[in-house]
Amino acid sequence: MGVEIQVPQLAESVVEATVGTWYKKEGDRVERDEEVVELATDKVSLPVYAPAAGILQKIVHPEGDTVKPGDVLAILVEAEAAAVSSAPQAAKPAAENAPVETAVAEKTEVHPPIATPLAEKVAEEQGIDLSSLRGKGSGPNGKITIEDVRQFAHTSSSAPSSTEKEVQKPAASTASGTLPPVLSSLTASFGRREEREPLSRLRLTLIRNLQESERNAVRLTTFNEADMSAVIEIRKRRRDAFKERYGVNLGFMSFFTKAVVGALKAFPYLNAEIQGNEVVKKYYYDIGIAVGSERGLTVPVIRDADRKSFAEIEAEIADLAARAREGRLKLEELMGGTFTITNGGVYGSLLSTPILNGNQVGILGMHKIQERPVVVNGEIVIRPMMYLALSYDHRLIDGSDAVRFLVRVKELIEDPETLLLEG
């Protein structure tokens, strides 16, 4: 009986994948733990390995198929069974007049692709010949990433401009199918420019996750503001020495990560999860950091953030963010977060209400730092202020705890030396 090669469990927010490149073809010999196929998800490229040695008997899902966790990708006949089944055929004489081309083809090896499946897809959509990027990839072993393709498309002088592209005018959908011919002709006669494109897999996944979050939680948001003067002063004073010693910049995210961990220790239910009729309280602090890119939003996780220094947190955030934008995150780096921080301020957002991530019961929203007049000791002064937003699941978190949690974050940010005492 054959051994099934199955789609492994994906990240919590990933429910399906696309079969990328098969490195083996039917009839090929496969070794145990050898990479046989690559799957492309919204967030990572995932290699799939053979569970046993043998012969690849049948490929169930060819390249381009959409699959889900547990789906059978291929059937593998283990080495012993393959030897028995092929024994009678070994006695047969080989055809003396077999074409030379066939023999050569059977020995042809399947080389790993020069690009990731997502890069290949984008290149195909934009009409880019990947051979022109061979040897210039920024991915592992020189593999071309989606960012390489987009950079090439942006800088290539041969790429057609938007005015040169043919503008499609597909009929807009209605409940009965398409617009009546009269309305379609009106659109054309008035010169209305329209273009229709399918939603990306990442966008569809985000839609499902956001709808699921809203259905399964009672979300409320509470707001506060923090005076960023002390943090800004420390960053200015320590910036050069920090960079020289650790090789990374001292940013705001390490301060907020430490502040969140300190507040979670004071209010542990913000670090918990509802499972059925039980609440799971977690005494580890895996903080998700939302990272935006052209591909969409991903939330890689900093494990055991309470045990890491400012420098370790900054280095890990920089690494995770860079690989998230390139689609090179590992599956486990997206799983298991207990609380999330999102920073809309990098895009200029002054205030927002973040949406809960997965099964978490809290998420902190950071925003743009803006100088505003505030009253300090009875005097009006100008201070760099940031609005903070905490969205929480009201099924588990009472309003008083949510407000006090956010106040604690504010206190730690405004007196950052206290962060050293929160270990």
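Residues numbered from 1 in each chain as written. Predicted model: local features only at pLDDT ≥ 70, side-chain atom pairs only at ≥ 80, totals over all residues. Heavy atoms only, no water.

Asker: Hey, could you run me through the overall build of the protein chain in this one?
Answerer: Each helix and strand in the protein chain was counted, giving 10 helices and 21 strands. Across the 423 residues of the protein chain, 40% fall into the buried class. Long-range contacts, defined here as pairs at least 24 residues apart, represent 64% of the contacts in the protein chain between residues at least 6 apart. Split by element, the accessible area of the protein chain, about 23900 Å² in all, is 51% carbon and sulfur. (Helix = DSSP H or I, 4+ residues; strand = E, 2+ residues; numbered from the N terminus. Buried < 20%, exposed > 50% of the residue type's maximum accessible area, 1.4 Å probe, protein only. Contact = heavy atoms within 4.5 Å. Areas by Shrake-Rupley, 256 points an atom, 1.4 Å probe, with all protein chains shown as cover.)

Asker: Would you explain the sheet that holds strand S3 (residues 29–30) in this entry?
Answerer: Remark on secondary structure: sheet strands pair via backbone hydrogen bonds, oriented parallel or antiparallel. With respect to topology, four strands assemble into an open sheet ordered S1-S8-S6-S3, the strand pairing being antiparallel. On the outer flanks of this sheet lie strand S1 (3–6) and S3, each paired with one strand and no other. Of the pairings in the sheet, the one linking S3 to strand S6 (residues 54–59) comprises two bridges and is antiparallel in character. Bridging from a neighbouring strand, Arg 29 pairs with Ile 55 of S6. (Pairing = 2+ DSSP bridges.)

Asker: Can you walk me through helix H7 (residues 229–246) in this structure?
Answerer: Because each turn of an α-helix spans 3.6 residues, side chains separated by three or four positions end up pointing in the same direction. For H7, built from 18 residues, the straight-helix expectation of 26 Å at 1.5 Å per residue is met to within 8% by its first-to-last C-alpha distance of 24 Å. Of all bends in H7, the biggest is about 55 degrees, found at Arg 238. Three or more residues of H7 are buried, namely Val 231, Ile 232, Ile 234 and Phe 242. Close packing links the buried residues of H7 with helix H8 (253–266), helix H9 (310–325), strand S20 (369–376), strand S21 (379–393) and helix H10 (399–414). Downstream of H7 by a residue or two, Gly 247 has a phi angle that is positive, lying close to 80 degrees. (Expected span 1.5 Å × (residues − 1). Bend = angle between axes of the 7 residues up to and from the residue.)

Asker: Is there a simple way to think about the pattern of salt bridges in this case?
Answerer: It is possible for side chains bearing opposite charge to pair when their charged atoms get close. Within this structure, the stated rule accounts for 16 salt bridges. Residue Glu 34 is joined to Lys 24 by a salt bridge in which the shortest nitrogen-to-oxygen separation is 3.1 Å. Of the two residues, Glu 34 sits in the loop between S3 and strand S4 (35–40) while Lys 24 sits in the loop between strand S2 (17–22) and S3, which places them 10 residues apart along the sequence. Taking the relative accessible area as the measure of exposure, Glu 34 reaches 24% and is therefore partly exposed. Residue classification places Lys 24 among the buried residues on the basis of a relative accessible area of 17%. Beyond isolated ion pairs, a larger network of salt bridges with shared partners links Asp 319, Arg 323 and Glu 333. (Salt bridge = Lys/Arg side-chain N within 4 Å of Asp/Glu carboxyl O.)

Asker: Would you take a moment to explain the packing of aromatic side chains for this structure?
Answerer: The geometry of an aromatic ring pair comes down to the distance between the two centres and the angle between the two planes. The final tally for this structure, using the stated rule, is three aromatic pairs. Judged by centre distance (5.1 Å) and plane angle (70 degrees), the ring pair of Phe 255 and Phe 310 falls under edge-to-face. You can see Phe 255 sitting in helix H8 and its partner Phe 310 sitting in helix H9, a full 55 residues away along the chain. Residue Phe 255 is classed as buried on the basis of its relative accessible area of 4%. Between the aromatic rings of Phe 339 and Phe 405, the centroid separation amounts to 5.6 Å while the plane-to-plane angle is 40 degrees, which identifies the pairing as tilted. Placement of the pair is Phe 339 in strand S18 (residues 339–343) and Phe 405 in helix H10, with a sequence separation of 66 residues. Judged by its relative accessible area of 0%, Phe 339 falls in the buried class. Under the relative-accessibility criterion, Phe 405 is labelled buried at 0%. (Phe/Tyr/Trp six-rings, centres within 6.5 Å; stacked < 30°, edge-to-face > 60°.)

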